Each structure stands twice: as C-alpha cells, then as structure tokens.
Amino acid sequence: MKILELKNVETQLGGSTLLSKISFAMEESRVVALVGHNGAGKSTLMKTILGELEKAKGEITINETSTQDDDLLTYKEQISYLPEEPLLLTELTVMQHFQLYAMSYGVEEAIMEEKIKTYTSGFELEDKLNEYPESLSKGMRQKVQTICALLPDTPLLLIDEPFMGLDVFAMDYLEELIREKARGGTAVLLTSHQLERVKDIADTYIMLQHGEVLDQGPIDDFKTIRRRKHDDH
Amino acid sequence: MITRKTDFRAYWLIRRGRFAKKKKVYKQVAAIVIDLTTAIYVAALVGYIGVSLFLTGNIIEELAPFFAFVEENASKGYLLLLSVLPIRYIVRSFQHPGLLFSTSEYQLGLLPFSREKIWAFILVEKLIKLLLLYSSIAALLILVTPISSSMIISYLTLFAVYDLVMVVPQWKLFQQRFWIKAGWLLLFILSNLIAVILETKLIGLLQLILIILAHIYMLPRLFKGINWERVTEISDYYIWNMLVVSKVSQTKFKKKKTYSILQNSSRRKRSFATKFSIYHRLWELYLVKNFGVIAQVIGAILLMLVALQFFEEWIFYIGMAVAIHVYTALCANLFHNRFHADIVEVLPWDLSMYKRTYFNWMAIGGGLLFLPIFSYFIRHWDIWAPFQLVFVISVFLYAYHVNMDKTIIVLAKKAGSLQLREGLSFVFIILVAISHMLPVISLTAIGIVWALYFQNGLKSVI
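Residues numbered from 1 in each chain as written. Chains lettered and ligands numbered in written order. Predicted model: local features only at pLDDT ≥ 70, side-chain atom pairs only at ≥ 80, totals over all residues. Heavy atoms only, no water.

A.B. asks: Which parts of the structure should I look at to understand the overall build of chain B?
C.D. replies: Looking only at helices and strands, chain B has 20 helices and 0 strands in total. By the burial criterion, 43% of the 462 residues in chain B qualify as buried. Contacts in chain B between residues far apart in sequence, at least 24 positions, make up 79% of those at least 6 positions apart. Counting every atom, chain B has about 25,600 Å² of accessible surface; 69% of that belongs to carbon and sulfur. (Helix = DSSP H or I, 4+ residues; strand = E, 2+ residues; numbered from the N terminus. Buried < 20%, exposed > 50% of the residue type's maximum accessible area, 1.4 Å probe, protein only. Contact = heavy atoms within 4.5 Å. Areas by Shrake-Rupley, 256 points an atom, 1.4 Å probe, with all protein chains shown as cover.)

Structure below.
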C-alpha cells in the first residue's frame, strides 16, 4: 500500500517557486532518503507534506485515503515529524513535552510510559525528565525532540536531519530505532547530509535539485549529490 | 572622586551614540524608500491641502458642530478621565517598565557611575520629550480647531501629570508577578465602576492623591527587587525595534526567550494530571505571550464602555454592539493564530478540545468587559434591564461560537458554510445596538439561547 503519494506538487513563497512537479510514492516499511544540495528544497518538501507550507498545486495523499485538502485533521494524525531544529517550548519540562505529544496522537498512557522509559534510557536522558529545555545542551534538546517524534506509531515519519547535534552513541541508537519503525510498518522519509549513514538505513533515494526531482531509485544506485548549477555570488 | 558631571557625561555619551546609530540606520532606509524629488512634491501638495482646508477654507466652520460636541463632552468627561487614566499605566506595566533602562545604561551602573542618577537622567529626558510633544500637540490643536485653548491645555496637562506621577508606580508594578498586577488592575476598574455608579468625581481626585502619596513609600525602594535582566531585555527591544526598518528590511527584532520566576516552582514542573491541564497550559503560555495585544484591545473596549456611559443612551448601546463584535473577532483571531505558532503547528489538532478549553480563558476577558455593562444596567434599572442583560450575554455567546466555528472550518480545511449563522449573528449584534428603542427585542434572547443549545450543546450556554 502506498503510505505517501505526491502528484505534481508545487510550492511557492513570495512569488518564487520553491518546489515544482514533485511526484513520488512511498510504500509501507520503506525508508526513503531525500538528498540534495543546500537549498534544493528538502526541508521545504517536508514542510509541504506536513502542511506547514501551503502547496500551490498538486495532491498529497496518506494511506491512499487522507488528503491534505479534504481532511486536514485526519491527515495530520498520520504524520509524525522530527524537525531539524527542536521546537520545544521553554515553559514545558521534558516530561510535559512527552505528554503533549502522547495526548496529541492519542497514545495510551501505559504505552507512553513504556516508550519513554525505553527511549530515555537509550538516549541517556532518564535524569532530565523534570528539566526545562533551556537547561539542556543543544544535543540533549535534539534527543528530547527525537523521542517526542518517535512516541506515536504513525504510518508516516518525516525526519529532517536526524543526526544533527547527536553524539555517536545517540546516532547509532537512532539508526536502530528508525529501522525498528520501518519493520513495524512505518514509512520513513528522511533528509541528511551524512550520506554514508543514510546509505546504511535507506532503501531508496530521491534527489532534489533546485526544487525538482532530479533522480530517484534504489539506494545502491546512489553515488553522491549533484552540485548546484549556479554559484550564489 | 566621581562627580555628577561625569555621570551625566557618561550618560550623554551613550545617548549621543544611540542617536547617531539610529540616524545612520534611518538614513539608509530613507535612501531605499524615498525618492527626493517625489518627496518634495508630496510635501508641497500636503502643505497646500493643509493650508487650503484649515487656514483659507471653511472646513473649520463646517466642522464647528462636531467640535462643539467634542468640547461639551470633553468638559463633562474631564474628571472621569482623572479616575480612568491610571488603568492605562497598570495595563502597560504588564509589558513595559515605564522607563527604558537598556543594557547600555545598566553597564554604566556596573562601572563606577551612579545607577540612581542614570535613572533620573532617563526620567528627565523622557519628561522633556513629553513636554515638547504635548506643547506641539497643544499648539497644533489651538491653531487648527475652534476648541477653547483652556480646554486643550487642561487636557494635555492632565495627560502630562499622569505621565509624570505614574512612572514610579509603573516601574515598581512591572517587577511584580502577574497576579499582583491583575489585582491592582481589578481594584482600579472596580473603583471606576463605583465612581460611575455613584456618579461621584471625588474618586478620581482621591486616586491621584493616593498615587502621589505612594511615592513616599516607593521612592526609597526604587531599586529593590528589580529583575534587571527582564528590564534591560524589554528596554532593548523597545529602543531598537524600529518599525519602519523592520518593514523595509523584512526582518523582525525578536525579544529573547526568557522564562518567568514561576518556572522554577515545583508545581509548574509536575507531570500533567489530565489532558485538560495540558490544553489549559498551552493556552496559558500562548495568551501570556500575546498579553500585550489582548490587554490593549480589552483595555480600549473597557475605556470605551466606561466613557460612553456619560453620553446619550443610544451611543452606549452602539458601544455594546461594537464591543461584542470586536472582542469575539479578537477571540477567533487569537484561536486561529495559535495553530500557526510553535510546536502546536506540527502536531495533530483536536479542535473541539482546544475550543472547549479556550472558552474558559476568553470568559475571563469577556467577564471584565461585562463589568461596565452590568454597572450601566444597575444605574438604569427598569423592568427590561434583566432581559437586556441576558440578551447582551446571549448575543455575545452566539457571536463567539459563530466566529469560533467559522475559524475551525478554516483551520480544518473542511467544506462547509456558516452563512446563515453568520447572518444571524450580525442581525443579533445590530439588535443589541437598537434594543434601547424596543426593549421587547431582548426577549429574542430566549431564541438565541435555544439556538446556541441546539448548535453546541448545554456547555455552550453555561
């Protein structure tokens, strides 16, 4: 079953076209690497799929049933998102963030507690549950945000630069968790500049260049990203 | 030994540098935005129009009845303003220390310069600027309008006196916790309501005397318990947040994220007991961040409702209709924007739960706005007054739910239209405005309550 399908999606901002004619599909239990140069449109595509950026054209469907345009609320329940920069609220503790995510996705309390115990142990955050994000290091905040995104079992998991700011142990652990999610049926779309690590996890790749899909296929066929056509200056 | 002259020189150095820097930035903006030739022609045109209208034209004669109306009501409302004005500064104290003491001035205080003197220099500078501003406004109004110069001068003097006497109270209040400020605000609102109900102007005078006497207590404690980090952070923001520059450069000057003293209370850190507490906390955080805007709108509506009580009856009823429309629109706007702010934007939304928990917060603001309405009906009590009250409350609830449901349809991107309900809401608001002519209209309250119950269930009417 196609968990995610994009048909001719176009995104514009301030008169500029950021994404153009984006079409691809993802099956369940697949990990897809979204690669490309800086400014290619990877994060923009993630935000468009999430609904954070309004698409100008095209269609985005999850689970072959929910579209962004017809039923946004059901659509949102099927996506979990791990942003590049943590979106944590300074006024909520780590545990309160976990509770917020669990409540928003309807995760039962017993399951939430079990997952929190497992993930905080794996990321070495057991003693930080009552801390505010301001008192954590950048890497720890990223770990908290990662756990938040992994708490719900959604059909689709979007991850923007998952390994940014993590130490090598946390990166290995996260890699293991992503594989576990995929084994459980979740389709994972992730972006990363750490191409070697991505090659180990992903099944297929999509390469973006200047907001368009340049290439896609099995991960074994992926060599490296293309440079931007023009320099900035 | 450090002399007064050196303190002033250090302060003046900071002020000159700040002025030079801002002047440079504004010059850069002007070079981008303004074409000199066009600007000269526009200035000449505006000057020509101004002279034609006000000095050689008869627009002043045509507007004479309006100015007479303004002057008559201004003289009636003068002592009322005396009691209402402190509310402005109390509301401001939630977001503004009253005096801008930036990081630069704070650094001077860390060096061997007197912080008290720096503070005093800032106050004197502020008062000189205000004096110049009010003098200019007075001169313009006296020149251009037929309103008596004594009336203009007395009003501007009142504003100037309050700007002076409320500096220290606002400075001290800014340091206090939210609930202390809210308590003082409520106290002053209540005293105003008593003044309105008893139709006494003494309360305003008493307030002013008490505020002046309170300086005996506050002045020796001026720098006690000051959260300098917060004062300098807010002051830096107000000094350097140049609106024109932000618009032209499309960059926003953001306040640094800091959290309040309450953050460290163990109660705030406890895990949420129920999902209601999570929603309430999300609303609390969001509304506190937007408190400035909320306080300004509610404050303006409150002032309008208090002031309009001294005008003709029909004006007050129009004021009530305007208050319902503006406040319910504010509620809907804040609700909509909540889902495009922070972490909530990327999470799934249970909009019915968000709406349900939101109502408790909006009821607080609505409750404040109903205080002057209650006092009006108490003063003008007749057989229809209780029906009128229920009618106004019902229309408020109906308009609120219509606005909220419309916002939810937009957020959820659902197909659907509320045209009929929106139309009804508009009609009911108009009926509030004209119900003084036909009090029997208030009996439609029964119909509105039924409609609300039918649409939203019992919880929407309690």
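Moving on, there is more to tell.
A.B. asks: Please explain the pattern of salt bridges as it appears in this structure.
C.D. replies: Side chains that differ in charge, positive against negative, can pair when their charged atoms come close. In this structure the tally under the stated criterion is 23 salt bridges over all chains. Three or more residues joined by partner-sharing salt bridges are found here, namely Asp172, Glu175, Arg179 and Arg197 of chain A. (Salt bridge = Lys/Arg side-chain N within 4 Å of Asp/Glu carboxyl O.)

A.B. asks: Help me understand unusual backbone geometry, please; the structure alone is not making it clear to me.
C.D. replies: Residue and element names in this part refer to chain A. Phi at Asn63 is positive, roughly 55°, even though this residue is not glycine. Residue position: Asn63 is located in the loop between strand S4 (55-62) and strand S5 (66-67). Classification of Asn63 as buried rests on a relative accessible area of 17%. A positive phi is found at Glu161, a non-glycine position, where the angle reads about 55°. Looking at the secondary structure, you find Glu161 in the loop between strand S7 (156-160) and helix H6 (168-183). For Glu161, a relative accessible area of 6% translates into the label buried.

A.B. asks: Please clarify how the nonpolar core should be interpreted in this entry.
C.D. replies: Nonpolar side chains tend to gather and get buried jointly when the protein is soluble and globular. Of all hydrophobic cores here, the largest spans 167 residues; its most connected members are Phe24, Ile49 and Leu156 of chain A together with Tyr162 and Tyr358 of chain B. With 15 residues, helix H18 (residues 385-412) of chain B is the single largest residue contributor to this core. Both domains that furnish three or more residues to this core are identified here as domain 1 (1-78 + 154-233) and domain 2 (86-153) of chain A. Core analysis: the next-biggest nonpolar cluster, separate from the first, contains 21 residues, Tyr11, Phe101, Val168 and Trp228 of chain B among them. (Core = buried A, V, L, I, M, F, W, Y, C linked by side-chain atoms within 4.5 Å. Domains from an automatic or database assignment.)

A.B. asks: Would you mind going over the packing of aromatic side chains with me for this structure?
C.D. replies: Two aromatic rings are characterised by how far apart their centres lie and by the angle between their planes. All names here are of chain B. Evaluation of the coordinates by the stated rule reveals 40 aromatic pairs over all chains. Relative to Phe291, the ring of Phe178 lies with its centre 5.6 Å away and its plane at 80°, an arrangement referred to as edge-to-face. Here the residue Phe178 occupies a position in helix H9 (residues 178-198), and Phe291 occupies one in helix H15 (residues 291-308), the gap between them amounting to 113 residues. Among the residues examined, Phe178 registers a relative accessible area of 33% and is labelled partly exposed. Note on Phe291: relative accessible area 17%, which makes it buried. Consider the rings of Phe335 and Tyr358, whose centres lie 5.2 Å apart with planes at 55°: the pair is tilted. Of the two residues, Phe335 sits in helix H16 (residues 313-338) while Tyr358 sits in helix H17 (residues 351-379), which places them 23 residues apart along the sequence. Since its relative accessible area comes to 0%, Phe335 is described here as buried. (Phe/Tyr/Trp six-rings, centres within 6.5 Å; stacked < 30°, edge-to-face > 60°.)

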